[in-house]
Amino acid sequence: MKKTLRLLSWAAGLLVLAAAGFAAYVSLRGVPRYPVPTVGQVLPSTPARLAHGEQLATMMCMHCHRDPATNTFSGRALPEVGTALGQLHSANITQDPVYGIGKWTDVQLVGLLRTGIGADGRMRLVMPHFAYLSDEDAASLVAFLRSGDALVRATPTAQGPQQVSFLAKALTNTVMKPTPLLAHPADAPPATDPVALGHYLVVARYQCYYCHSRDFSTINQAHPEQSENYLGGGNAMLGDKLEPRVSRNLTMDPETGLGDWSEAQFSRAIQAGMSPHGPLYEPMPKFTALTNEEAHAIWAYLQTVPKIRNATPEDGALAGR
Ligand code: HEC
Ligand code: HEC
């Protein structure tokens, strides 16, 4: 008996030591660095790509990167992501060579978009990985970032290093990883195949699933459909006044999802921000530049997604699940 107790206390002591060792290792190492991904050549800018890239950037990047003080993409504090991972801010992605991305190559930019690994090898936090983005869309975004548009003009605003929490360091040293380079389409599927186009928009381009599944911690960026509660909503987020905002169930469950909506109600909700329950607030992005074809394609794809029964606040469920 005595012997077992002594053994147990040894084991407990070792565990404490191992935990302390891990904690020290993680604190010192910080967010890990990785080899910079080598994506293939990025397609050149053309007027069509630039126009497309401008639309994409307003729907995919604006809500996180626009700085209200400069009205450019010079970055901002992101209090709405909470403080668990630290006091985080989005980066300055204007053309400024010192504070922005003026010195990044096209390949480095697309490498970051697809994997989450920056030009310096550090894994970037919070920003989703656009692993399945088409080559056309990626090139269009780069064309826009390099353009003469007022939103990306060189803005010398320093965003400084991230104040990363211990939890963020522990997670990025264990479970939170970059997404490997994966096979992706050359271009988005055509509008004549609305289900395929809608799937592409939901998982690759606008990434509706990223917010509309259970939680950011259980998102699977390499296999979006395997994310917990895929498109069933319930992710507890914060609005721009830091009020609770729970993402909603986008599956066709008639009681807790969109099964009792018409397509017209759906288009109005995403293109004009007005749902049958009333206006939609941030962090739901404004998809005002979405074409009718795209709205129709997303609706067509959502009809094929397995229904999930999951009530969220607008169905009368308590906020925060
Ligand atoms: C959910 C918010 C969010 C969205 C959406 C988002 N970003 Fe980011 N982005 C961030 C944050 C936060 C960082 C800084 C992360 C860090 O330093 O760990 C960042 C960093 C970057 C960087 C790295 C710059 C540097 O100097 O470190 C680039 C480039 C970038 N974003 C481009 C884009 C583009 C292009 C889009 C749209 C396709 C986009 N981001 C969409 C939040 C976002
Ligand atoms: C950055 C996170 C985020 C992204 C990306 C996002 N949403 Fe949302 N969405 C939300 C949140 C949060 C709400 C609830 C807003 C509120 O409470 O006013 C919402 C609400 C909605 C609603 C209203 C549903 C209802 O029952 O009232 C629809 C429809 C919707 N989103 C569709 C989409 C589609 C389609 C996409 C992709 C094209 C998308 N969302 C992308 C966060 C997001």
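Note that this is a predicted model, so its numbers are computed, not measured.

J.: In this structure, what is going on with the packing of aromatic side chains? I would like to understand it.
T.: Centre-to-centre distance and the angle between the planes together describe a pair of aromatic rings. Summed over all chains, the structure comprises six aromatic pairs. Here tyrosine 209 and tyrosine 210 contribute two aromatic rings whose centre-to-centre distance is 6.4 Å and whose plane-to-plane angle is 85°, an arrangement assigned as edge-to-face. Each of the two residues, tyrosine 209 as well as tyrosine 210, counts as buried. Aromatic pair phenylalanine 266 and tryptophan 299: ring centres 5.0 Å apart, planes at 35°, arrangement tilted.

J.: Can you help me understand the side chain of threonine 172 in this one?
T.: Position of threonine 172 among the secondary structure elements: in helix H6 (residues 166-172). A distance of 2.8 Å separates the side chain of threonine 172 from the backbone oxygen of alanine 168, its partner in a polar contact. There is a polar contact of 3.2 Å between the side chain of threonine 172 and the backbone oxygen of lysine 169. Not counting chain neighbours up to four residues away, the residues in contact with threonine 172 comprise Gly30, Val31, Pro32, Tyr34, Met123, Leu125 and Lys177.

J.: Help me understand helix H10 (residues 292-302) in this model?
T.: Because an α-helix packs 3.6 residues into every turn, residues spaced three or four apart end up facing the same way. Most of H10 sits inside the fold, with eight of its eleven residues counted as buried. Taken together, the buried residues of H10 touch helix H7 (194-205) and helix H9 (263-272).

J.: Can you help me understand the coordination of the iron atom of ligand 2 in this one?
T.: Around a metal, the ideal angle is 109.5 degrees if four donors adopt a tetrahedral arrangement and 90 or 180 degrees if six donors adopt an octahedral arrangement. Taken together, His212 (NE2) and Met284 (SD) make up the full set of protein donors to the iron atom of ligand 2, lying 2.0 to 2.2 Å away. Seen from the iron atom of ligand 2, its six donor atoms lie at angles of 87 to 179°, and the figure they make is octahedral. Residue histidine 212 is located in the loop between helix H8 (208-211) and strand E3 (236-238), and its partner methionine 284 is located in the loop between strand E6 (278-279) and H10; the two are separated by 72 residues in the primary sequence. Histidine 212 sits in the buried class, given a relative accessible area of 12%.

J.: Would you explain the nonpolar core in this entry?
T.: General note: in soluble globular proteins, nonpolar side chains tend to be found buried as a group. If you look at the biggest cluster of nonpolar residues, it comprises 56 residues, and the most contacted ones within it are Val202, Tyr206, Leu231 and Leu302. Only helix H2 (47-60), helix H4 (106-115), helix H5 (135-145), H7, H8, H9 and H10 provide two or more residues apiece to this core. Structurally, this core is a two-domain feature, drawing no fewer than three residues from each of domain 1 (47-172) and domain 2 (194-315). Setting aside chain neighbours within four positions, we find tyrosine 206 in contact with Leu56, Met59, Met60, Leu201, Phe287, Leu290 and Glu294.

J.: So what exactly am I meant to see when it comes to the coordination of the iron atom of ligand 1 here?
T.: On the protein side, the iron atom of ligand 1 has His65 (NE2) and Met127 (SD) as donor atoms, found 2.0 to 2.1 Å from it. With six donor atoms in place around the iron atom of ligand 1 and angles of 87 to 179° between them, the coordination shape is octahedral. Of this pair, histidine 65 sits in helix H3 (residues 62-65) while methionine 127 sits in the loop between H4 and H5, placing them 62 residues apart in sequence. Residue classification places methionine 127 among the partly exposed positions, given a relative accessible area of 25%.

J.: Just checking my understanding: could you explain the packing of H4 against H5 for this structure?
T.: Angle between the axes and distance between the axes are the two parameters that describe a pair of packed helices. Their axes nearest at 10 Å, the elements H4 and H5 cross at an angle of 125°. Accordingly, the angle class assigned to the pair H4 and H5 is oblique. For the pair H4 and H5, the crossing hand works out as right-handed. Residues Asp106, Leu109, Val110, Leu113 and Arg114 of H4 lie in contact with H5, whose contacting residues are Asp135, Ala138, Leu141, Val142 and Leu145. Residue composition of the contact of H4 with H5, grouped by class: seven nonpolar, no polar and three charged.

J.: Looking at this model, I keep getting lost on the environment of alanine 183. Mind explaining?
T.: In this fold, alanine 183 is placed in the loop between H6 and H7. The class for alanine 183 is exposed, based on a relative accessible area of 72%. C-alpha separation for the pair alanine 183 and serine 140, spaced 43 residues apart in sequence, amounts to 19 Å.

J.: Hey, could you run me through the packing of H9 against H10 in this one?
T.: Running from N to C, H9 and H10 point in directions that differ by 120°, and their axes come no closer than 10 Å. The angle between H9 and H10 falls in the class oblique. Note that H9 runs across H10; the crossing there is right-handed. Only Asn292, Ala295, His296, Ile298, Trp299 and Leu302 of H10 make contact with H9, whose side of the interface consists of Glu263, Phe266, Ser267, Ile270 and Gln271.

Each value, and the rule that gives it
Residues numbered from 1 in each chain as written. Chains lettered and ligands numbered in written order. Predicted model: local features only at pLDDT ≥ 70, side-chain atom pairs only at ≥ 80, totals over all residues. Heavy atoms only, no water. Phe/Tyr/Trp six-rings, centres within 6.5 Å; stacked < 30°, edge-to-face > 60°. Buried < 20%, exposed > 50% of the residue type's maximum accessible area, 1.4 Å probe, protein only. Helix = DSSP H or I, 4+ residues; strand = E, 2+ residues; numbered from the N terminus. Polar contact = N/O pair within 3.5 Å; in protein donor to acceptor, adjacent residues only side chain to side chain. Contact = heavy atoms within 4.5 Å. Donors = N, O, S within 2.8 Å, 3.2 Å for Na, K, Ca; no water. Tetrahedral: all angles 85-135°; square planar, octahedral: opposite > 155°, others 65-115°. Core = buried A, V, L, I, M, F, W, Y, C linked by side-chain atoms within 4.5 Å. Domains from an automatic or database assignment. Axes fitted to C-alpha atoms, helices over the stretch in contact; angles between N-to-C directions. Parallel < 35°, antiparallel > 145°, perpendicular 65-115°, else oblique. Left-handed = near helix turned anticlockwise from the far one by under 90°. Nonpolar A, V, L, I, M, F, W, Y, C, P; charged D, E, K, R; others polar.

So, to be careful, I would describe these as geometric facts and stop short of saying anything about function.
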